[in-house]
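# Topology and contacts: notes
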Amino acid sequence: MKSKYADLRLNEDINKIEEAADCIKHGGIVLFPTETVYGIGANALDEKAVNKIFKAKGRAPDNPLIVHIASIDMLNKLVQEIGEVEEKLINNFWPGPLTVIFNRKNNIPNNVTAGLETVGIRMPSNGIARKLIECADLPIAAPSANISGRPSGTKIEDIIEELDGKVDYILDSGMTDIGVESTVVRVIENKVHILRPGKITAEDIKKLGIDIVIEKQIMEECNPNEKVMSPGMKYRHYAPNTKCLLIYSDDENKLIDKINKEIASGKNILVLGRTKHLNKYKTENKLDLGESLEDISKNIFTLLRKVDSYNSDLVIIEGVKKEGLGLAIMNRLIRACEHNYTEIN
Ligand code: TXA
Ligand code: MG
């Protein structure tokens, strides 16, 4: 291992977290767990340190980073104002997997926000992430831990090859809890616009009596000439090298029949299906997505990283209903399939 490594899978060694925090204070970059996915973090107030993240990931400079904080005091130092709706969101969902876009103060370097007047901020609930921020006593800018374009890292084994030696320190705490990245929202005229769906769902926010707008770009292909609210939506993301097809139907039997028809066509097909459907597919080449939406959200990035090793002609992925956490899952899968999507009525 070329990066410094601490195994926190069985116990949270505070000395190691302090060591990693020290590394952040001195301008280094640290791979650390959050409740959603792993992140690559740097001092959000240090332009040079933040540049190291862009370099390690090969990330486009026009794609801004999320700043991670551990207190409202930190938030006040970074943003212009906290509106009423934003406050409601914070009170209900922080710490947790929700990123809120604010108008920023000028102490945040331009590379963090990719030159935008806004900054995305979240307070993670993961204990190691919180302690890292607290020990560093700094806001930490961190994108997901992966080379740009690849699925986000939900366990170290999946990303060690692409990131070892590119970060100064690795904090390993095993598999992350949620598996898909945070929900990203921006409040405009008292309405919450969902820019990226996640574990905090539209339904969760609606329950607070707040109006919701789900940005159409979440499920549609982006027109490169059209302005997007979240630059991350423009980029190719999560797609394996093997061609993938996403199929969904409300009618389980129709879904299974359609996939079996594809299998019968003679192509070498790998199926990613829900646990209860797997034995119905007439092929040996299949991977288990899990059963509940929580399982599936936890598993998808690891599975997407596995599919190329099967050398198949086509990967068929079972979709889920675009409701609740299902919207976040479908947003990631449709991009993994590069919008190659069929819905059967
Ligand atoms: O769960 C997560 O959010 C993980 C963990 C590490 O916290 N982080 C993460 O970061 O997924 P990243 O960089 O992979 O995705 C950040 C997304 C991108 O789509 C980016 O365009 C968007 O958030 N974003 C960041 N700042 C923004 C801003 N000021 N305005 C609009 N979108 C923004
Ligand atoms: Mg990412």
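Values in this document were obtained by computation on a predicted structure and should not be read as measured data. (Residues numbered from 1 in each chain as written. Chains lettered and ligands numbered in written order. Predicted model: local features only at pLDDT ≥ 70, side-chain atom pairs only at ≥ 80, totals over all residues. Heavy atoms only, no water.)

Moving on to the nonpolar core. Soluble, globular proteins show a tendency: their nonpolar side chains are buried together. Grouped together as the largest cluster of nonpolar side chains are 98 residues, with contacts concentrated most on Trp 94, Ile 121, Leu 171 and Ile 205. The dominant element in this core, judged by the number of residues it contributes, is helix 11 (residues 325-336), at eight residues. Residues from two domains meet in this core; each of domain 1 (4-218) and domain 2 (244-344) gives at least three. Ignoring sequence-local partners within four residues, the contact set of Trp 94 consists of Ile 69, Ile 72, Leu 75, Leu 89, Val 100, Phe 102, Ile 121, Arg 122 and Met 123. Leu 245, Ile 256, Val 271 and Ile 316 belong to the second-largest nonpolar core, a separate cluster that totals twelve residues. (Core = buried A, V, L, I, M, F, W, Y, C linked by side-chain atoms within 4.5 Å. Buried < 20%, exposed > 50% of the residue type's maximum accessible area, 1.4 Å probe, protein only. Helix = DSSP H or I, 4+ residues; strand = E, 2+ residues; numbered from the N terminus. Domains from an automatic or database assignment. Contact = heavy atoms within 4.5 Å.)

Our next topic: the domain arrangement of the chain. As assigned here, the chain comprises domain 1 (4-218) and domain 2 (244-344). Spacing between the C-alpha centres of domain 1 and domain 2 amounts to 29 Å. With 26 residues of domain 1 at the interface, the matching set in domain 2 holds 16 residues. When the two sides are added together, the surface that domain 1 and domain 2 hide from each other amounts to roughly 1700 Å², 54% of it contributed by carbon and sulfur. Broken down residue by residue, the surface that domain 1 buries against domain 2 is led by Pro 151, Val 180 and Pro 197, which jointly contribute 27%. (Buried area = accessible area lost by both parts, 1.4 Å probe.)

Another aspect to go through is the site of ligand 1. In the vicinity of ligand 1 there are 27 residues, among which Thr 36, Asn 63, His 68, Ser 182 and Gly 232 approach most closely. Ser 230 places a polar side-chain atom, nitrogen or oxygen, 3.0 Å from a nitrogen atom of ligand 1. Considered on its own, ligand 1 offers 680 Å² of accessible surface; in the complex 96% of this is hidden by protein. If you list the elements that add at least two residues to the shell around ligand 1, you get strand 4 (66-68) and strand 6 (118-122). With four residues, strand 6 is the largest single contributor of residues to the shell around ligand 1. When the residues that make up the shell around ligand 1 are grouped by side-chain class, the tally is 13 nonpolar, ten polar and four charged. (Near = heavy atom within 4 Å. Polar contact = N/O pair within 3.5 Å; in protein donor to acceptor, adjacent residues only side chain to side chain. Areas by Shrake-Rupley, 256 points an atom, 1.4 Å probe, with all protein chains shown as cover. Nonpolar A, V, L, I, M, F, W, Y, C, P; charged D, E, K, R; others polar.)

Here five strands make up an open sheet; going across it, the order is 14-13-15-12-16 and the pairing parallel. Bordering the open sheet on either side are strand 14 (286-290) and strand 16 (341-344), each of which pairs with just one other strand. When strand polarity is set aside, the average angle formed by the axes of neighbouring strands in this sheet is 20 degrees. Summarising the sheet, strand 12 (residues 244-249) and strand 15 (residues 314-318) pair through four bridges and their orientation is parallel. Following the sheet pairing, Ile 247 is matched in strand 15 by Glu 318. Across the face of the sheet, helix 10 (residues 293-306) comes into contact with strand 13 (269-274), strand 14 and strand 15 while running at roughly 145 degrees to strand 14. (Pairing = 2+ DSSP bridges. Axes fitted to C-alpha atoms, helices over the stretch in contact; angles between N-to-C directions.)

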